[in-house]
Amino acid sequence: MTNRLAKETSPYLLQHAENPVEWFPWGEEALALACERDRPILLSIGYSACHWCHVMERESFEDARTARLMNRSFVNIKVDREERPDLDSIYMRAVQAMTGQGGWPLTAFLTPGGVPYYGGTYFPPAPRHGLPSFRQVLATAAGAWESRREAVVRAGDRIRDILKRSSTEPQPSTGFDASGGQLFSGAVSSAGRSFDPGYGGFGGAPKFPQPVFLDFLLRTGTAGAPGVSMACHTLSRMAAGGIRDHVGGGFHRYSVDARWLVPHFEKMLYDNALIVRALVRAHLLGAVGLGRVAEETLDYVLEDLASPDGGFYSSRDADSEGEEGAFYVWTPGELASLLDRDTARIVSRVYDVSETGNFEGRNILHLPHDLEAVARQEGMARKELDAVLNDALGVLKAHRNTRPKPLRDEKVLTCWNGFAIRALAEAGPALGRPDYTEASARAADFLLHTVYRNGRLFRVLAAGRVHVQGFLEDYGSLGNACLSLYEATLNPRWMEEAVRIADAMVNTFWSSADALFFDASGDGEPLWVRPRDITDNATPSGNSLAAELLVRSAAVTGSPEHERLAEKVIARERGTMERYPTAAGRLLTAALLSATPRLAVSLAGPPEGVGAMLLRAHRHAHPNRVILGGDPENPAVAALPAMEGRLDRVGEAVVCEGPVCSEPMASPEALGDRLKRVKIVTF
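Residues numbered from 1 in each chain as written. Predicted model: local features only at pLDDT ≥ 70, side-chain atom pairs only at ≥ 80, totals over all residues. Heavy atoms only, no water.

1. Structural notes on the environment of Leu-305
Mapped onto the secondary structure, Leu-305 falls in helix H12 (residues 290-305). Leu-305 sits in the buried class, given a relative accessible area of 0%. Sequence-wise, Leu-305 and Asp-245 are 60 residues apart; in three dimensions their C-alpha atoms are separated by 15 Å. Those residues in contact with Leu-305, other than ones at most four positions away along the chain, are Leu-269, Tyr-300, Gly-311, Phe-312, Tyr-313, Ser-315 and Arg-408. (Helix = DSSP H or I, 4+ residues; strand = E, 2+ residues; numbered from the N terminus. Buried < 20%, exposed > 50% of the residue type's maximum accessible area, 1.4 Å probe, protein only. Contact = heavy atoms within 4.5 Å.)

2. Comments concerning the pattern of salt bridges
Taken as a whole and assessed by the stated rule, the structure comprises 50 salt bridges. Arg-433 is the salt-bridge partner of Glu-295, the closest N and O atoms lying 2.7 Å from each other. One end of the pair, Glu-295, is in helix H12; the other, Arg-433, is in the loop between helix H17 (414-431) and helix H18 (434-450), and 138 residues separate them in sequence. As a salt-bridge pair, Lys-411 and Asp-409 come within 2.6 Å of each other at their nearest N and O atoms. Both residues of the pair, Lys-411 and Asp-409, count as buried. Bridged by salt links that share partners, the residues Arg-277, Arg-422, Glu-426, Glu-548 and Arg-586 form one connected network. (Salt bridge = Lys/Arg side-chain N within 4 Å of Asp/Glu carboxyl O.)

3. Let's talk about the pairing of strand S15 (residues 456-462)
Counting buried residues along S15, five of its seven residues qualify, which places the element largely inside the surrounding structure. Bridge analysis of strand S13 (residues 412-413) against S15 gives two bridges, and the strand direction is antiparallel. Across the sheet, residue Leu-413 finds its bridge partner in S15, namely Val-460. Note: strand S14 (residues 452-453) against S15, two bridges, orientation antiparallel. Looking at S15, one finds that Tyr-452 is bridged to Leu-457. (Pairing = 2+ DSSP bridges.)

4. Topic: the sheet that holds strand S8 (residues 267-268)
Read across the open sheet, the three strands follow the order S8-S9-S12; overall the sheet is antiparallel. Both edges of this open sheet fall to S8 and strand S12 (408-409), since each of them pairs with a single strand only. Of the pairings in the sheet, the one linking S8 to strand S9 (residues 315-316) comprises two bridges and is antiparallel in character. Across the sheet, the residue bridging to Lys-267 is Arg-316, located in S9.

5. Quick word on the environment of Ala-67
Along the chain, Ala-67 turns up in helix H4 (residues 64-73). In this structure, the C-alpha to C-alpha distance between Ala-67 and Asn-19, residues 48 residues apart in sequence, is 8.1 Å. With residues up to four places along the chain from it excluded, the contact list for Ala-67 reads Pro-20 and Val-21.

6. Some remarks on the state of the cysteines
Going through the model one piece at a time under the given rule, you end up with two disulfides. Here Cys-50 connects covalently by a disulfide to Cys-53, the sulfurs 2.3 Å from one another. Classification of the bridge connecting Cys-50 and Cys-53 rests on its S-S torsion, roughly 85°, and on that basis the disulfide is right-handed. Exposure remark for Cys-53: the relative accessible area of 2% places this residue in the buried category. Cysteines bonded in the protein are numbered consecutively along the chain; their disulfide partners then correspond to 1-2, 3-4. Cys-415 takes part in no disulfide bond, and the closest cysteine sulfur, belonging to Cys-482, lies 13 Å away. (Disulfide = S-S within 2.5 Å.)

So this is what it looks like as structure tokens:
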């Protein structure tokens, strides 16, 4: 017997379709029923790759006795946070305000009008570790609504006031530094105070990659600068750790320890796309080996998460065969059965495989030793060792693919696809992989023909159905991706698409009355509060993506309106960047792009005529680089400010540092020599 979730397309909701709980999807039917019955709402929010969401389902939502309690006292609503980030944002912030902590699964109890009055995250089936049992929580929440209703309503009103103020009132700033220097150097200094010099990253366990903040740090100078060094060291340690899948490529969600060894094993499209952009920038700054890691990560994305139509699926689950990580771990016996004796010995030594294991008696492959040292000790050249490992990993991968695979969430999300499109577009010319650029263009074309309708973006494509109106982050992510694709190809179509998306974004989410962007449109579903979150979480905030898109669009097209709005957002959120820099990485990047001297490389000519110079420009690691131009015979290219007076200078490049521009150059060598002399500010 199924509940109402059986008609949904979200894999997460469908996982709960046979629970004995009378689940509803979020919508008019459930909300009206709560009002009609004067019954509170139990709102449960999670996502398909969430390990503890599965645990709570097995322990509580599949339990008949617990389900009876839920069905008797509540209207039960299940939400996929990846489809509805607006609901997740406002109710997560409410639970954090009530309890001081948050996470998934998110459990919130709401009045029939949708106002939260109690909540938490995972609750066990029996009391343990200081947590009440879920049944106790159900009884408490139901009893509060029945016997202390006035107090419940007052508490909800207080939470609403707190959330409204926190989302619309800017953090006070210590003072405006027009150059941005104090802001950026302060962010680097703040990062240094929590930096782990041994294993990289910031703070202790659990340790998250934070690729958005790493990308900002990589823009704060040249190789050896403090912020760049912290970011490169972090990426190198991550690449050596178990958070990286050394057999199949890609990165897991985060590490439960401080050494990047034991991950939560889910693989998310957004993590891998955002990490790739940081890896590519580190590679351009001279970090050894990280370009290859970026390629392996993108190869994983194209192999495992690409849809036949060209878009990208959302994630791989952490669990298979009822266990977390079972797909990814190894025993010495398995290596011995798959590899010859000497190869198994070398692989065990390199990847730290032992009889005791490092994860529940089995082994997560990682690289605790320097490979140059291992090669010397084995009496091998490094290239010989690399060849042995590469062949062995191929054998392990083929065997691993015979194991039951974790569930793949095959919904296509606009925002996350934008991250992947941008990563591929930027990696293609930087790493000499034109196939990445082609995959980027194919995915962008697919998305624009599928989810962009009547001037509005939609967020979700699942089971052939496009639904959920797009949010600010969807517009910001896809618009930025199109700009990166334009820089990679000089095809003006992508510039025009980016401008079109940016204009639609402003029309849909900018509030002139409040002088700020909201995360959801003003004409969408009315919620308890209009969602707005300016800090980065696992992904960049919608506000930061919007500011970045407007800064970059203005740099290419010269749009004064886009530049003006970007400056408003950046100035307004100065206090947030000062106080919480690691949670404002993309805002800091947008501010850096707005405030520091820009390196503009403009190329006059069709891509096939200036291709070598285009590649040369992409391999320069300037933190505020813009590449533009194209065939001057195209009206959109001819209209660019950078093309003024150059329509008859086909095949030439001009480099501008701020307002100072070079003489035209007609060869990749001349362009490369000029780029070597570019000055980069260090913070």
